[in-house]
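Chain by chain, the residues run as shown.
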Amino acid sequence: MNILAVGAHPDDIEINCAGTLAKYAAQGHKVFICTATSGNIGSATLPKDEIGALRKQEAAKSAAIIGAEYICLDYDDELFYEDVNVRIDFINMVRHCKPDVILTHNPHDYNPDHMLTSKIINDIEVMIPIAKIPTAEAPCETLPVIYYFEPAKGMGFIPTDYVDITDFFETKKKMFLCHESQQQWMADNYAGYSAEDTFTADMTIQAQYRGMQCGVKYAEAFIRCNDAYRMTPSRLLP
Ligand SMILES: [Zn+2]
């Protein structure tokens, strides 16, 4: 299968579904990681273009760990709005990846970029096979199944599906730690975040908590989007 994870910012994917992507990759599936923005406000000191370029490098390095292709649509972090060009860009990106499965943000989330990314993926999914919506990439022949990953700290998220990532937790951590610039950003911006905290603490607690719910050491959790176009009898998660 072709698997596409779409997040708003570099590191969203690693926090919420990198273990699942690593597992897919190990099983021989082709993985794509796309971020809508470059994360170009993610520094208190660097100019926007410099931090944007750095964060794309970090994301590409993380993707390379599992042999995934990284795509950045290069929209502005926290100033991401939908217009016709954005919609066409997303359709073209999905057509390039020809995914069987898309993992993306939950429609309900704390961050507007996350919610808009999720909304656009939902909105365009039925458009990707339509030839009368032309893009550089040819229309897809099938519709992917969509799974939503968790919002920050799993707030209000009741999973329908779990993936055992016990054997892939170290890979997930390694991928997350590629986002080195964000360690400083967390310390600069979030009250209560201190040098004593490990950068991976929340991610570890969340994977343990979801693991506890399904009887394994570490897991990632998803909600399957079931609408009339996307019904399939088989589970496509690894
Ligand atoms: Zn984000």
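Since the structure is predicted, the reported quantities are computational estimates derived from the model, not experimental observations. (Residues numbered from 1 in each chain as written. Predicted model: local features only at pLDDT ≥ 70, side-chain atom pairs only at ≥ 80, totals over all residues. Heavy atoms only, no water.)

To continue, consider the packing of helix H1 (residues 12-26) against helix H5 (residues 169-177). Close contact between H1 and H5 brings their axes to 8 Å; oriented N to C, the two are set at 135°. The orientation of H1 with respect to H5, classified from their angle, is oblique. H5 is crossed by H1, and the crossing has right-handed handedness. Contacts from Glu14, Ile15, Asn16, Cys17, Ala18, Gly19 and Ala22 in H1 reach Thr171, Lys172, Met175 and Phe176 in H5. Considering only residue class, the contact of H1 with H5 consists of 6 nonpolar, 3 polar and 2 charged. (Axes fitted to C-alpha atoms, helices over the stretch in contact; angles between N-to-C directions. Helix = DSSP H or I, 4+ residues; strand = E, 2+ residues; numbered from the N terminus. Parallel < 35°, antiparallel > 145°, perpendicular 65-115°, else oblique. Left-handed = near helix turned anticlockwise from the far one by under 90°. Contact = heavy atoms within 4.5 Å. Nonpolar A, V, L, I, M, F, W, Y, C, P; charged D, E, K, R; others polar.)

Relative to the 20 Å expected for 14 residues at 1.5 Å per residue, helix H7 (residues 201-214) spans 20 Å between its end C-alpha atoms, a close match to the ideal helical length. For H7, the complete set of buried residues consists of Met203, Thr204, Gln206, Ala207, Arg210 and Gly211. Down the axis, H7 shows its buried residues gathered within 165° of arc, on one side only. Along H7, the residues that are exposed and aim more than 90 degrees away from the buried face are Ile205 and Met212. Looking one or two residues past H7, Gly215 carries a phi angle of roughly 80°, positive in sign. (Expected span 1.5 Å × (residues − 1). Buried < 20%, exposed > 50% of the residue type's maximum accessible area, 1.4 Å probe, protein only. Arc of directions from axis to C-beta.)

A volume near 900 Å³ is recorded for the largest pocket. What lines the largest pocket is a set of 35 residues, among which Ile15, Tyr110, Ala152, Met186 and Tyr190 lie closest to the centre. Only H1, helix H6 (181-189) and H7 provide two or more residues apiece to the lining of the largest pocket. If you tally residues by element for the lining of the largest pocket, the top one is H7, at 4 residues. Its residues assigned to classes, the lining of the largest pocket comprises 14 nonpolar, 11 polar and 10 charged. (1 Å grid on protein atoms, 1.4 Å probe; cavity = no way out; pocket = protein on both sides within 12 Å on 5 of 7 lines; lining within 4 Å. Points joined across faces, edges and corners; volume = space filled by probe spheres on them.)

Taken together, His9 (ND1), Asp12 (OD), Asp12 (OD) and His114 (NE2) make up the full set of protein donors to the zinc ion, lying 2.0 to 2.5 Å away. Metal-centred angles of 55 to 129° between the 4 donor atoms at the zinc ion mark the site as irregular. Each donor residue of the zinc ion lies on one chain, and together they are spaced H-x2-D-x101-H. Taken together, the residues span a long stretch of sequence, with Asp12 in helix H1 and His114 in helix H4 (residues 112-124) at a distance of 102 residues. (Donors = N, O, S within 2.8 Å, 3.2 Å for Na, K, Ca; no water. Tetrahedral: all angles 85-135°; square planar, octahedral: opposite > 155°, others 65-115°.)

Bringing the pattern of salt bridges into the picture now. Charged atoms that come close allow side chains of opposite charge to pair. Scanning the model with the defined rule gives 11 salt bridges in all. Across the pair Asp202 and Lys153 runs a salt bridge, and its minimum N-O distance is 2.9 Å. Pair noted here: Asp202 is in helix H7 and Lys153 is in the loop between strand S5 (145-149) and strand S6 (161-164), with a separation of 49 residues, a long-range link. One salt bridge in this structure joins Glu170 and Lys173, with 3.9 Å as the shortest N-O distance. Of this pair, Glu170 and Lys173 both sit in helix H5, 3 residues apart, which is roughly one turn of that helix. For Glu170, a relative accessible area of 53% corresponds to the exposed category. Through salt bridges that share partners, Glu82, Arg87, Lys119 and Asp123 make up one connected network. (Salt bridge = Lys/Arg side-chain N within 4 Å of Asp/Glu carboxyl O.)

Read from one edge to the other, the open sheet built from 7 strands follows the order S3-S2-S1-S4-S5-S7-S6, with strand pairing classed as mixed. Of all the strands in the sheet, just strand S3 (69-75) and S6 have a single pairing partner and so form its edges. Adjacent strand axes in the sheet meet at a mean angle of 25°, parallel and antiparallel pairs treated alike. Here strand S1 (residues 2-7) pairs with strand S2 (residues 30-37) via 6 bridges, running parallel. Opposite Gly7, over in S2, you have Thr35 as the bridge partner. Docked against the sheet, H4 engages S1, S2, strand S4 (101-105) and S5, running at close to 150° with respect to S4. (Pairing = 2+ DSSP bridges.)

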